[in-house]
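What the coordinates show
So the chains spell out like this:
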Amino acid sequence: MEANLALANLLQVQRAQLIGQHIGNFIAPQDHAHFIRHLTWLRDNNKNGACAHCTISLVTSQQTQIKVRMKSTIQTDNIIHGRISLLEHASHPQCLADLAKSHAELQKEISGRELIEEQSRQHQEKLAHVARLNTMGEMAAGLAHEINQPLTAISSYVRSCLRLLEGDEKKRAQVPGILEQACNQAQRAANIIRHLRDFVSKSASHRETTELGNVIQLAISMMRTEFHTNNITLNVETLANMPLITADAIQIEQVVLNLLRNASEAMSDPQNNCHTRHLDIVLDQPSATHVRVSVSDTGPGIPLDNMKKIPTPFFSTKANGMGLGLAISRTIVEDHGGKLTHKTNPEGGATFMFTLAIDGKTIIHH
Ligand code: ADP
C-alpha cells in the first residue's frame, strides 16, 4: 500500500513499482517460509500494537540480496507496518542514512495526514452539532407545542378518571381504558423527549440499518407546527419497497430538516408572493446502489446568480441566516456516498434532492 523512497532506492526500483506489488516478490526465496511464519504470528496475535521481528534477505532489481531486520506492527484496520533496518550491505554505504531519513519523513507524512483527517472529522462533527443546536433554537416554540399536546391529553384523561371514580360501578369500569390512553400519551411525550436528546447530543457519527421513511417522518414531525402556522400543505410519496439503508439516522434527519426548514422559510417570506404553499417530498431509488429524497416547494425558486453559490459555507440571503445548513448537509450526504443537488422548477419553486448509498459508502458519479 505504501513504501518510502529509501526502500525503493534500496531495491533499486521506482517507488511506484513497489506500490500494489506482492511483498513476496522482494523477499529472497529461501526466506519465504520464514516470512510467512512471521506474518502468521502477527495475524494470530492480532491486536493493535502487536509487534514482531524477523531477519530476512530482500532482493533488488539487480538480483542482489540485502540482509535486513524487519520490525512489523499491526496498525488499526489490519494494516501491517514494516520498518526495515539494514544489517549488512557493503555496496550501499549511503543506504542506512537514507533509510533513516526517508523513514522519518514517511512517518511524519502519515501522521500529518492522519492528524488533518482527524481534525477535519472532529471539526465537521462540531459544526454539525452547532447547526443542530441552532435548528433546535429556532424550533423551540414548535417543539414546546409538540410536547405540550400529550401533556394536555394526559391531564384531561386523568381528570376524567377522577370524575368517573366518583360515579357508579359502570362509570368506574371505564377508568382502566382511559388510564391506558393516558399511559400511551405519556409514552409519546417520553419518545419526543428521547428523540430530542438524541438529536442535540454531541455524539460521534455512527451508522446503523435505517428506514429512510421513518427518518423523513421524524423530521416532518419536528416541523409540523411550523408548517401549520405558515399554512403549508404537505405530500409524501414513497416506493412500496424502499430498501433499508446503512446511515447515521440523526445526521440524515438533520439534512432533511434543513431542506424542510429552508423550503418553509422560502414560501413564508412575506416578500415572496406565494399563492400556494405546498411541499412535495418524494423518496425513490434511482439505481441499484442509491436511494433518493427530493423536496420541492412552491417558493420563489433560486435566482440564477445564486445557483452556483449554493451550498458555499456562509452564503445566505436571509437576514439572520448562518448559511451553513446546506454546506453541512452536503458534507453529510457526501459522507454517505451521495450527492446534494438543487434546481429551480419550470413551474416555479425550488427542488433540493440528495442521494444516499444504500450501503452508506458506494460513491455515485453523476
Ligand atoms: P441559511 O438557511 O442559514 O441561509 P442554508 O445553507 O440552509 O443557510 O441556505 C443558503 C441559502 O440558500 C439561503 O439563504 C437561500 O438563499 C438559499 N435557499 C435554500 N433553500 C432554498 C429554497 N428552498 N428556495 C430558495 N432558496 C433557497
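A brief report on the enclosed structure follows. (Residues numbered from 1 in each chain as written. Predicted model: local features only at pLDDT ≥ 70, side-chain atom pairs only at ≥ 80, totals over all residues. Heavy atoms only, no water.)

Quick word on the overall build of the protein chain
Scanning the protein chain for helices and strands turns up 10 helices and 10 strands. Sorting the 366 residues of the protein chain into buried and exposed places 39% on the buried side. Taking all contacts inside the protein chain whose residues are at least 6 apart in sequence as the whole, residues at least 24 apart take part in 63%. Within the structure as shown, the protein chain displays about 21,300 Å² of accessible surface, and the carbon and sulfur contribution to it stands at 54%. (Helix = DSSP H or I, 4+ residues; strand = E, 2+ residues; numbered from the N terminus. Buried < 20%, exposed > 50% of the residue type's maximum accessible area, 1.4 Å probe, protein only. Contact = heavy atoms within 4.5 Å. Areas by Shrake-Rupley, 256 points an atom, 1.4 Å probe, with all protein chains shown as cover.)

Details of the pairing of strand β10 (residues 350-357)
Within β10, 8 of the 8 residues are buried, leaving the element largely enclosed by the surrounding structure. Of the two faces of β10, the one holding A350, F352, F354 and L356 and the one holding T351, M353, T355 and A357 are both buried throughout. As judged from the 7 bridges shared by strand β8 (residues 290-296) and β10, these two strands associate in the antiparallel manner. Paired with S294 across the strands is M353, a residue of β10. With 5 bridges joining them, strand β9 (residues 340-344) and β10 adopt antiparallel strand pairing. Bridging from a neighbouring strand, H342 pairs with F352 of β10. Connecting β9 to the antiparallel partner β10 that follows it, the hairpin turn spans 5 residues, and G348 within it adopts a positive phi of roughly 95°. (Pairing = 2+ DSSP bridges.)

A look at unusual backbone geometry
Going from I310 to P311, the amide bond is cis rather than trans, its omega being -5°. Secondary-structure assignment places P311 in the loop between α9 (304-307) and α10 (325-335). With a phi angle near 55°, Q12 is a residue other than glycine that sits in the positive phi range. Along the chain, the position of Q12 falls in the loop between α1 (5-11) and α2 (15-18). The residue N231 is not glycine, and still its phi comes out positive at about 55°. Its place among the elements puts N231 in the loop between α7 (212-229) and β5 (233-238).

Regarding the site of the ligand
Neighbouring the ligand are 19 residues, the closest being N262, D297, S316, T317 and K318. Within the side chain of T317, a nitrogen or oxygen atom sits 2.4 Å from an oxygen atom of the ligand. Between the ligand and G325, the relevant distance is 3.4 Å, taken from an oxygen atom to a main-chain nitrogen or oxygen of the residue. Across the complex, the protein chains shield 91% of the 540 Å² of accessible surface that the ligand would expose by itself. Judged by the fraction of its atoms near the pocket grid, the ligand is located in the second largest pocket. When contributions to the shell around the ligand are tallied by element, the ones reaching two or more residues are α8 (249-268), α10 and β10. Residue contributions to the shell around the ligand peak at 3 residues, all from α8. (Near = heavy atom within 4 Å. Polar contact = N/O pair within 3.5 Å; in protein donor to acceptor, adjacent residues only side chain to side chain. 1 Å grid on protein atoms, 1.4 Å probe; cavity = no way out; pocket = protein on both sides within 12 Å on 5 of 7 lines; lining within 4 Å. Sits in = over half its atoms within 2 Å of the grid points.)

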